[in-house]
Each structure stands twice: as structure tokens, then as C-alpha cells.
Amino acid sequence: MGILIDDSTRVIVQGITGRIGSIQTRWMLAYGTKVVGGVTPGKGGSIIEGVPVFDSVEEAVKETGANASVFFVPAVFVLDAFLETVDAGVELIVVVPEHIPIHDVIKMRAYAIQKGVFALGPTTPGILVPGKGKMGIMPASLFAPGRVGIISRSGTLSYEFAGILSENRVGQSTVVGMGADHVILTNLDDILRLFEEDKGTDGVIIVGEVGGEQEEKAARFIQERMTKPVAAYIAGRYSPQGKQMGHAGAIVRGSAGTVAGKQEALREAGVEVLESPIHVTRWAQKYNLK
Amino acid sequence: MRLHEFEAVNIFEAMGIPVPRRGVAGTVEEVLLVAGEIGYPVMLKSQVLVGGRGLAGGIKAAYHQEELEEIAEALLGGEVKGSTVRNLLVTEKADISKELYVGITLDGYSGKPIIVASTEGGVSIEDTVRTAPEKIASLRVDPLFGFYPYQARTLLRKLAPGQRLLTAWADVISRLYHIFSQYEALIVEINPLAVLPNGGLLAVDAVMEVDNAALSRVKYPLPDWMERIENSLERKGREIGVTYVNLDGDIGIISSGAGLGMASMDIIGEKMRPANFLETGGGITEDLLYKCMELVMMKVDLRAIFINIYGGINPIHEGAKGIARYIREHSLKIPIVAKALGNHQEETWEILRSVGVHVVTEAATERAVEQLFELVGGDK
């Protein structure tokens, strides 16, 4: 089980002819993902990593039956490619690139919602279902199959949590990078909803960081709707005021978006707040999660 | 990138928003000159990129020349909330009969621009939200539909400001929204938007921050982002393409991701003091990590370097070559602890071990920090 990727998921890689796009295609294939095609306008007809390349998403969908897409497109071209992908009927879109102008992101988000498309990112490592497949850049060696769901704003911290759990024989049902920008395509609470409904997931870890109010809004959802145990870690305790900590969304402005504020909101919602990533094992053992 | 008030106010003026007569001055002589042209009384406003300047004593009124010299002398070269004041904006001191508020930001959760207007200006809008929410009206703009002037009028009717004021105020909001979208801003704000005795409006403050990701495509001239970064190490970080944040400790940090870098800082910060935050993003090369080592080592009296990298999008074995080259070329003696996992991890470990780096192969950053602590101990 798990969420978002299953046996019916057929993936195209947008920007497949780029340096990162082609390497990541190789690793996604090696992990067993059904990558059925790639798209780079003007490069149609070529073959990358044994996968046919098309000029348009429409052709790729028609020829391969693709229903999911992962983006390795330069930031300034993402908006155009995204709208094209939604129009082509793709149901799941993962936007890996960072530094996409936020005035583009709000259009992407609004269009995806209007058309009922599930999209993740920007600035996401993607999705990985251990043993099944992955869309994005997550390094496969750190993950193991199991029943814990992870949602992370940070790519590297999603690897950290999965790695710690795997070392301690706790597997993951699905690991989802929610994206690290100020506006993201699908909010944290909507991803939590999928895990709550998933029969293959027994508990969920939220890996958040300073800035924005995704964690605070999620706390409300958890209080009202979640029945499964939830743990959360929030990075950035020592982040100075007003400094952007790498991610576009990771910035404390005044009293908004602090680690303490997020921890408090989550604690009030019954979430177990972890002070350090290493404590995740204890939490998993407490609920007998495997 | 946050703009200085004098930069934002120029943009507001160019887009037809009424703003005060003014001039920018970097010396007391220039201040006198500008004030002479405007006529007393004048306002002296410290040009620093932080909010709350007024409460911090960075904004003062001067009623005559002697007072002006005294204030200008004190403000110029001084500090407001930790930022050095290099310029003063000298403006006419308007006769204000009422203060309004208008601001446009991007609401992260709904993913929409949000326009906020209030009949309570001159105070923090967060305070008004708590004390007098009925004096605030807000509107979220559908990014696919866009903004039209009627929406500003609809919004303001909720505040019942009267026909004449409503018309003028709505016009300011429309112009402000145009700026917000043309400059790809994260925030534009006028607080207060002053109502003058003759009923006219005047933007007596101007706040504006533009999206760094869009700087290269905004069609209007903007200040150089690089020059805006005050700390020379942070500027150097930007130049080589990484995010560096200067801190006051003595343990250097290099991480391959923002979250991992913050978590490293948090864990190290429990027992030791980080000298910096540095995250490479997804563009690691041999050369980049060589430069990261150079940058981190520019801080004097560093006691150790902590490296935390994952090979997902990043070829960490390439990065390891850059780290090793730096250590060899500079015969680096301080302890270096590196946790490296993911694609090409074995190769990475081998390269780092060959130059004496303490390599940690467990996932938990905590374990690597324990090793660091064993090597260097707590604070000096």
C-alpha cells in the first residue's frame, strides 16, 4: 500500500534530456519505477536511458498512457510546462526544481486545484514508496518498506528520518516531500488526509521547519480528523530573525513562523513533538510501528 | 529582496501613488540642503531594512535647523535595530487628519495574494487584528482571475469610509496591486496612508520586498541584490551560489540541504556554538565544495568543521574531492567530522577518510555531533 504511487503509476520525466533529468531517470528506473517516457520540447524522437522522448506532454500521454509526471525543468520554464501537463490530463505532478518565482507558483496551484490534479512542490525531493517506485531525487538506499508515513518540507531531512527509522528496522509506507517554498502546490493537511485514509500507514511523521503556517494549519486538521499517531520535528530553533535559511519559505518574521509556535500548536493537537530527529525511533517503538 | 523606503517610494510615485516631497541624504550637509528645499518641519527617516524603525528611534521630526543638525548627526552612522544607518530620507512633515492602512502580501496557506485595508493606520496591522478586527477588511485574489479595481471598491465598502475617501483609497489599492504584480513582490505596504486635511491621500511610508527568484525577469530597474547583503561572508556565499548565514560561534557547518543545515545547527547548538549556517542546495560540484571550505574557513578561530551531506540530487563524491583538495592544499589541522549518505556514499567516505576527516556512516546527525563533541569539547 502507501499513497500516490502504485502499480498503475506510469511516469514521464519532464526535462529528461538535461544533466539532472537523465541521471535521475536512470535511478528511478533502477528503483523499479515505471518511467514510460520523457518530454523536452525540440528533442522528441530521441531515447534517454532506454525511454522515448517526446516534444509535448500531450504526445507522451497519448503514446505511453502516462498518468504522472516529475519535473526537472529550469525554474523559469516550469509554469508553462506545468499548465501544459495539467491540460494533457496527467493526474499527479511532482515539481522538483527550486527558485521558481512565487507569482508563477500561485497560478500553478490555482490551476491544479481547479482541474483536480494532485501536485507537489516546488522544491521537493518527490515521493518514494519503498520497494515500489519513486518520483524525484530521493536516494533509495536509505528507505525500507513498512508502515510509517513521512511528510517533510526538507528533502535532506526526509532522508535523515527515513534513514534513522530504517536503521532501527522501522519501515516507511510512503515518504512525501511537501515542498519548501512559501506557497506549495498541495498543503500539508491535504497530504495528511491521504495518510489518514491509507490502510498501509499506521503512523505519520511531519518534518517541518521555521516559516509560514503549514504546521499550524495541519495541527487543526490533526486535532479534528486524524486517528493515527502523529509525531513532528521542526528544524530551525537557532535561525536568526528575518534570515532566509536556504529555503524560500524558511524565514522567521516577527513572532510568526517560529519553532516554538509550531511546536505548541502541534502539541495542543496531540502530536508528539520530537526535539531531535534521533528521538523518532522511541516514538515508533511506543506505538509498535514497523 | 527588501527595498529601502526611498527606493519603494520612488516606485510608488512612478505608479501614480501620492507621496511626500523628499530627498535622500548621506551627510548632515545633504540633509540641510534637502530640508532647505522642502521647508520645515521635516521628518528624518533612517534607511535601514528592518521593520519597527519608529519605535527603535530611527524616525524623528525636526522643526528648525539646529534641531535638524543634532538629529541628523545622531542618526547618520548610528545603528537602528542592529543595522547601520547610511542614508536618511528627509520628507515634508505632512499635516495628517487620519491614518489608514493598506497592504498586499501572499498568503502561504491559500496560495493567493491577500489585500488588507484598515481604517486604523500607523500601528502594526497584527495589533489591529487583535484589538479592532472590525476595522480591517481583507480580500484574497484568485491568481487565475486577477485583480480588478471594482474589487478594491467592494472591499472598502465594508469599512464605510465615505464616498470621496473610498474612491481615492480604491485608486491607491489598484495602483499598489499593479506594483505588486509587475514587480513580483512578496509584500507592498503603505502604513500609514495619511488622509490630509483637504481630503487627499499621501503615502507617508513605503514597504516593499521583491521575490529573489524573479529578480532577473522584472522589467523595471531594481537595486543590486548582491550589494544589499551587508555581511561580507554572506555576500561571498551568494556569489558562489550557496546560502551562508553568519552566526557568532566557532563550529563551521556545511550541509547539502536547508532542513539538514538547520537541524545540524539545532543539535550542535545544544552543546557548542555554530559559526555559520551554510547550505549548498542541489548544485554540488568539486569546485563548489572547495569554495564552501574556503568560505567557512574565512571565519577566524574556527575550532572544527561539521559536514552533513546527502547524495540525492547531489553528487557528493564530487563534493568530497573538493573538500579533500582544500584540506590537502591548506594542510588543515582542525578536526572535521563528516556525515555523508546516499548515492555514491562509499566513494565519498573513502575520499574523506584519505585526508583525515572523521566520517560518520549512521543516519542520525546526533551521532555525528556526539563525535564532534568528543573531539572538541564544549565552549572555550
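Position labels on residues start from 1 in each chain and follow its written sequence. Lettering of chains starts at A and numbering of ligands starts at 1, both following the order in which they are written. In keeping with the model being predicted, local features are shown solely for residues with a pLDDT of at least 70 and side-chain atom pairs are shown and tallied solely at 80 or more, while totals for entire chains, interfaces and linings include all residues.

**Digging into the overall build of chain B**
Heads up, the condition is: For helices the rule is a DSSP run of H or I covering at least 4 residues; for strands it is a run of E covering at least 2, with both sets numbered from the N terminus onward. Exposure classes come from backbone-placed C-beta atoms, where a residue is buried if 20 or more other C-beta atoms lie within 10 Å of its own, exposed if 12 or fewer do, and partly exposed in between.
The helix and strand inventory of chain B stands at 13 helices and 18 strands. Judged by the C-alpha coordinates and their principal axes, chain B covers about 75 × 55 × 40 Å. Looking at chain B residue by residue over its 380 residues, the buried ones come to 44%.

**With respect to helix α8 (residues 259–268) of chain A**
Residue and element names in this part refer to chain A. What counts is decided by this rule: What the arc covers is the set of directions going from the helix axis to the C-beta atoms. We call two residues in contact whenever the C-beta atoms placed from their backbones are within 7 Å.
Taken residue by residue, α8 has Val 259, Lys 262, Gln 263, Ala 265 and Leu 266 as its buried positions. Considered in projection along α8, the buried side chains sweep an arc of 165° and stay on one side of the axis. Across α8 from its buried face, at more than 90 degrees, point the exposed residues Ala 260 and Glu 268. At its buried positions, α8 is contacted by β12 (203–209), α7 (214–225), β13 (230–235) and β14 (272–274). In the segment just after α8, Gly 270 is the residue with positive phi, at about 85°.

**Some remarks on the sheet that holds strand β4 (residues 51–54) of chain A**
Residue and element names in this part refer to chain A. Rules: In this description, strands pair whenever DSSP reports at least two bridges between them. To obtain an axis, a line is fitted to C-alpha atoms, over the contacting stretch when the element is a helix, and the angle between two such axes runs from 0 to 180 degrees between their N-to-C directions.
Taken in spatial order, the seven strands line up as β3-β4-β2-β1-β5-β6-β7 in an open sheet, and their pairing is mixed. Two strands in the sheet have a free side with no partner beyond their single neighbour: β3 (47–48) and β7 (118–120). The sheet contact formed by strand β5 (residues 68–71) and strand β6 (residues 92–95) spans four bridges and is parallel. Considered in β6, the bridge of Ser 69 is made with Ile 93. Relative to strand β2 (residues 35–39), helix α1 (residues 19–30) is tilted by about 170°, and along the sheet it contacts β1 (11–14), β2, β3 and β4. Where helix α3 (residues 78–87) meets the sheet, it contacts β1, β5 and β6, and its direction lies at approximately 170° from that of β6.

**Digging into the pairing of strand β17 (residues 336–342) of chain B**
Residues and elements named next belong to chain B. For clarity, the threshold we go by: We call a crossover right-handed when, viewed with the strands running away from us, the connection from the first strand over the helix to the second turns clockwise.
Most of β17 sits out of view: seven of its seven residues are buried. Inspection of the sheet shows strand β16 (residues 304–311) paired to β17 by seven bridges, in the parallel sense. Within β17, the residue paired with Ile 309 across the bridge is Ala 340. You can see the chain leave β16, run along helix α11 (residues 316–329) and come back into β17, and the turn it takes is right-handed. Bridge count for β17 against strand β18 (residues 358–360) is three bridges, and the pairing is parallel.

**Here we look at the packing of helix α5 (residues 155–167) of chain A against helix α9 (residues 258–269) of chain B**
Here α5 of chain A crosses α9 of chain B at 65°, and the two axes come no closer than 5 Å. Across the interface between the two elements, Thr 156, Leu 157 and Glu 160 of chain A of α5 of chain A pack against Gly 259, Leu 260 and Ala 263 of chain B of α9 of chain B.

**A few points about the nonpolar core**
This is how the line gets drawn: Definition of nonpolar core: a set of buried Ala, Val, Leu, Ile, Met, Phe, Trp, Tyr and Cys residues joined via C-beta atoms within 7 Å.
Core analysis: the largest hydrophobic core is formed by 199 residues, its most contacted members being Val 95 and Val 280 of chain A together with Ile 173, Leu 176 and Leu 352 of chain B. The contact partners of Ile 173 of chain B, leaving out residues within four places of it in the chain, are Val 102, Ile 115, Ala 117 and Ala 152 of chain B. Grouped together as the second largest cluster of nonpolar side chains are 16 residues, Ala 25, Val 31, Val 42 and Val 90 of chain B included.

**Description of the domain arrangement of chain A**
All names here are of chain A. We count it as follows: What fixes the domain bounds is an automatic or database domain assignment. Under this grouping Gly is polar, as are all residues other than the nonpolar Ala, Val, Leu, Ile, Met, Phe, Trp, Tyr, Cys and Pro and the charged Asp, Glu, Lys and Arg.
Per the domain assignment, the segments of chain A are domain 1 (11–120) and domain 2 (139–286). For domain 1 and domain 2, the distance between their C-alpha centroids amounts to 26 Å. Contacts between the two partners involve twelve residues from domain 1 and, on the opposite side, ten residues from domain 2. Element by element, the count of residues in the side of domain 1 that touches domain 2 is highest for helix α4 (residues 102–115), at six residues. Class assignment of the residues belonging to the side of domain 1 that touches domain 2 gives a composition of eleven nonpolar, no polar and one charged.

**Some points on the domain arrangement of chain B**
Taken domain by domain, chain B consists of domain 1 (21–92), domain 2 (98–217) and domain 3 (231–376). On a C-alpha basis, the centres of domain 1 of chain B and domain 3 of chain B stand 43 Å from each other.

**Some points on the interface of chain A and chain B**
Contacts between the two partners involve 55 residues from chain A, matched on the other side by 46 residues from chain B. Secondary-structure elements contributing two or more residues to the side of chain A that touches chain B are α4, α5 and β12 of chain A. Per-class residue counts for the side of chain A that touches chain B are 28 nonpolar, 16 polar and eleven charged.

**What to know about the environment of Ala 260 of chain A**
In this structure, Ala 260 of chain A sits in helix α8. On the basis of neighbour counts, which here come to 11 C-beta atoms within 10 Å, the residue Ala 260 of chain A falls in the exposed class.

**Comments concerning the environment of Ala 275 of chain B**
All names here are of chain B. Considering the arrangement of structural elements, one finds Ala 275 in the loop between α9 and β15 (276–279). With 25 C-beta atoms packed within 10 Å, Ala 275 lands in the buried category. In this structure, the C-alpha to C-alpha distance between Ala 275 and Val 245, residues 30 residues apart in sequence, is 8.9 Å. Setting aside residues no more than four positions away along its own chain, Ala 275 makes contact with Leu 247, Gly 249, Asp 250, Ile 251, Gly 252, Lys 299 and Leu 302.

**Regarding the sheet that holds strand β6 (residues 88–92) of chain B**
Residues and elements named next belong to chain B. Strand order in the open sheet formed by four strands is β1-β6-β2-β3, with antiparallel pairing between adjacent strands. Each edge of the open sheet is held by one strand with a lone partner, namely β1 (22–25) and β3 (59–62). With direction set aside, neighbouring strand axes in the sheet form an average angle of 20°. Sheet strands in contact with helix α2 (residues 28–38) are β1, β2 (42–46) and β6, and its direction is about 15° off that of β6. Running at roughly 5° to β2, helix α3 (residues 65–75) makes contact with β2, β3 and β6 of the sheet.

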